[in-house]
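# What the coordinates show
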Amino acid sequence: MASKKPGKATANTLVDFGITGDLAHKMTLRALYRLERRGLLDCRIIGVAAESWTLDRLIEHAREGIAASGEKIDDEVFDRFAKRLTYISGDVKDDKLYEQLAKELGPKARTVFYLQMPPSLFGPIVEKLGQHDLLGGARVAVEKPFGHDLASARELNDRLRAVLAEEQLLRVDHFLGKSPVIELEYLRFANLALAELWDRKSVAAIQITMAENFGVEDRGRFYDPVGALRDVVQNHLLQVLALVAMEPPAGAGADDLRDKKGEVLRAVHPADPKRYVRGQYHGYLDVPGVAADSQTETFAALQLEIDNWRWSGVPIYLRAGKALAERVTEVRLHLKRTPSLAFLPKAGQAEANQIVLRIDPEPGLRMAITAKADQSADWSPLTLDASFARELGEPLEPYERLLHSALIGDAQLYAREDSVEESWRIVQPLIDAPPPVHVYERGSWGPVEAVEKLTRSHVKWHKPWMPDEV
C-alpha cells in the first residue's frame, strides 16, 4: 500500500544511502557543500553505507572529495556543513539498520531518502523503509538507470509504486538539472522571435549531440553491459528532446510540465533499427572489464519522428558517443531555406539559418544568419552568440539544483513514470534488433555510416559550436 503523500513540506533531514560511494565523493558532497555556502542548506544529513567508518572518517572523506573536485574550501562553511553530518553503517538488507535509522530520525523528521545505490537495491531499500514505517510524508530520490529495457523499467516502477505514491518518487537524471536544459522552456515560450519559428513550418530538422572526447577508461566493467543507447540516449537525450518538442505547460506545477513532456514522448514513433547506426571506438576491446568479443556500442546515432501537428515530417537526429573529437552537448535547429534571392549579383539561395543551444561546456545560444558583406560578395554567414554565464550569472550546478529541489518538494526536474516508460518504448526496437557495430577512430566524429545513412543532403551532421569559436 502506498504511503501518505508528502505534499511540498520542506525536508529537515536528508538520508543519503551510499554516501561513501564514488558519486557522492565526486559530485553530491560537493553539491551539498555549495548549497551550504549559498545559505540554501537547512537540514541535517544522515549518511548510510556499508563501510564501518567513524563520523570523523566520513567528514575527512567529504573534505577530500570536495577539494578533489576543484572546489575551494572555506573552513567556516565546511565546519557548518560537517556539523550537519551523522553516519550509520550497516547492511541495507538488514532490519537492524532501519531500526537504528528510525531511532536516529525520531518522530518529527521530514525526510528525503536519497539512494545513490545500484538499481538492484532500490526495491529492497524502499520496501524496508516501508516495513519500518519510515515513508510517511517522505520523498525518495533514486539515481538512474531506471531499468535496462521497457519490461524491467515497468517491473521496477511496479515494485516502487507498491510502497510509494508517484508524488513521493523522484527519479534523478542529472541532465535535467543543467541550467540550459531548464532554460529551454523559457527560451521557447518567453520569446516570440523563437516561438514563431519553433514548428514544422520553419524547422527542416532537429539535431541533438552529446559528444565526449574521452573513452570508457576504467569503467569497462560497468559500461560494457550498458552501452551508449542505454547510458545517455534513452534518458538524457530523450528528456532533452521532450523539452525541445513539447507544447507549453498549462501552469507552473511540476505535473503541468511533466504532462507535456509525457504527451510529446507518446507521439514519438518507435525507433527504426534501419535508421540507427552503432559504433565502437578503436581500442575499446582493450579496456579492462570489456569482453574480448564485445558488440557494445560506444557511439549511437538515430533518426526519430514525432507524429503530431507541430512536428509532423521534421526529421529528428540524435547522436552520442565516447572518444569523439570534442566534448560538447548541443541542440541544433536547422531552419528551412529561403527562396532564391534574385536581387543578388549572382542569384541564389542563402545558407539556411540555425538556432543552436549549447548545453555543455559553457552554455550559450547562437543564431546563425546571413548578411551581405560587400559589393563583391553575394552573402556571408553571421553568428549572433550569447554566453549564459556572462549574461545571466553563475548558475547552480546540476546536483545543487536537484538536491535543493528534492529538499523543498519541487518535482519539476525529475522524470515521471510515464516519460521513463515512453522513452524505453521508443528505443526498445533498437535493443531487440541492434545493427552491427562499426569501428571508428578515436578523435573522429564516429563512423562515417552515421552521416551517410541517416542524414538528408540539406541537414547533414553539423560540426558542433565550440566555446572558443567567434
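The sections below set out a description of the structure shown in this document. Predicted model, so just to flag it, every value in this text is computed and none were measured. (Residues numbered from 1 in each chain as written. Predicted model: local features only at pLDDT ≥ 70, side-chain atom pairs only at ≥ 80, totals over all residues. Heavy atoms only, no water.)

Once that is clear, we can look at the overall build of the chain. Within the chain, the secondary structure is distributed over 15 helices and 15 strands. Computed over C-alpha atoms, the radius of gyration of the chain comes to 24 Å, within 12% of the 23 Å expected from 2.2 N^0.38 for 470 residues, which places it in the range of a compact globule. With the C-alpha coordinates of the chain rotated into their principal frame, the extents come out at 80 × 50 × 40 Å. Here the chain, with 470 residues, has 53% of them falling under the buried criterion. Put simply, 78% of the contacts in the chain that link residues at least 6 apart link residues at least 24 apart. Put simply, the chain shows about 21,000 Å² of open surface, and 52% of that area lies on carbon and sulfur atoms. Here the chain carries 61 positive and 70 negative side-chain charges, and the mean point of each set is 3 Å from the other. (Helix = DSSP H or I, 4+ residues; strand = E, 2+ residues; numbered from the N terminus. Rg over C-alpha atoms; globule rule 2.2 N^0.38 Å. Buried < 20%, exposed > 50% of the residue type's maximum accessible area, 1.4 Å probe, protein only. Contact = heavy atoms within 4.5 Å. Areas by Shrake-Rupley, 256 points an atom, 1.4 Å probe, with all protein chains shown as cover. Lys, Arg positive; Asp, Glu negative; His and termini not counted. Charge placed at Lys NZ, Arg CZ, Asp CG, Glu CD.)

In this section: the pattern of salt bridges. Tallied over the entire structure, the rule returns 37 salt bridges. Among the ionic pairs, Arg38 bridges to Glu400, the shortest N-O distance being 2.7 Å. Of this pair, Arg38 sits in helix H1 (residues 22-38) while Glu400 sits in helix H13 (residues 398-408); the two residues are 362 residues apart in sequence, bridging distant segments of the chain. For Asp75, the salt bridge identified is with Arg63, shortest N-O distance 2.5 Å. In this pair, Asp75 sits in helix H3 (residues 75-83) while Arg63 sits in helix H2 (residues 55-68), placing the two residues twelve residues apart along the sequence. For Asp75, a relative accessible area of 44% translates into the label partly exposed. Sharing partners across several salt bridges, the network here consists of Arg30, Arg34, Arg37, Arg38, Glu71, Glu394, Glu397 and Glu400. (Salt bridge = Lys/Arg side-chain N within 4 Å of Asp/Glu carboxyl O.)

The six strands are arranged S3-S2-S1-S4-S5-S6 in an open sheet whose pairing can be described as parallel. Looking at the sheet topology across the chains shown, the edges are occupied by strand S3 (85-89) and strand S6 (169-172). Going across the sheet, the axis of each strand differs from the next one's by a mean of 20°, ignoring polarity. Judged from the four bridges that link them, strand S5 (residues 139-143) and S6 form a sheet pairing that is parallel. Counterpart to Glu143 in the pairing with S6 is Val172. In this fold helix H5 (residues 122-131) packs onto strand S1 (13-17), strand S4 (111-115) and S5, with an angle of close to 155° to the strand it touches most, S4. (Pairing = 2+ DSSP bridges. Axes fitted to C-alpha atoms, helices over the stretch in contact; angles between N-to-C directions.)

Burial of nonpolar side chains together is a common tendency in soluble globular proteins. Ranked by size, the top nonpolar core spans 108 residues in total, and within it Phe17, Leu101, Phe113, Leu115 and Leu304 carry the most contacts. Excluding residues that lie within four positions of it along the chain, Phe17 makes contacts with Val48, Val92, Leu97, Tyr98, Leu101, Phe113, Tyr114, Leu115, Gln116, Met117, Ile125 and Leu129. Within the second largest apolar cluster, 36 residues are counted, among which are Ile19, Ile66, Ala254 and Ala411. (Core = buried A, V, L, I, M, F, W, Y, C linked by side-chain atoms within 4.5 Å.)

This part is about helix H14 (residues 417-432). Along its 16 residues, H14 runs 22 Å from first to last C-alpha, staying within 8% of the 22 Å computed at 1.5 Å per residue. The sharpest bend along H14 comes to roughly 40°, located at Ile426, with the proline Pro429 sitting one to four residues further on. Most of H14 sits out of view: twelve of its 16 residues are buried. Within the sequence span of H14, burial applies to Glu417, Ser419, Val420, Glu421, Glu422, Ser423, Trp424, Ile426, Val427, Gln428, Leu430 and Ile431. Buried-residue contacts for H14 involve helix H6 (150-161), S6, helix H10 (227-245), helix H11 (254-266), strand S8 (276-281) and strand S9 (299-304). (Expected span 1.5 Å × (residues − 1). Bend = angle between axes of the 7 residues up to and from the residue.)

Strand order in the open sheet made by the nine strands is S14-S13-S12-S11-S7-S10-S9-S8-S15, with mixed pairing throughout. Looking at the sheet topology across the chains shown, the edges are occupied by strand S14 (380-387) and strand S15 (437-440). Put simply, the sheet's adjacent strands are angled 15° from each other on average, direction ignored. Relative to strand S10 (residues 316-321), strand S7 (residues 203-211) runs parallel, the two being bridged by six bridges. What sits directly across from Ala211, in S10, is Gly321. Sheet strands in contact with H10 are S7, S8, S9, S10, strand S11 (328-335) and strand S12 (354-360), and its direction is about 140° off that of S10.

Where burial is concerned, the two faces of S6 agree: the one with Leu169 and Arg171 and the one with Leu170 and Val172 are both buried. In terms of handedness, the path from S5 via H6 over to S6 forms a crossover that is right-handed. (Right-handed = clockwise from strand over helix to strand, strands pointing away.)

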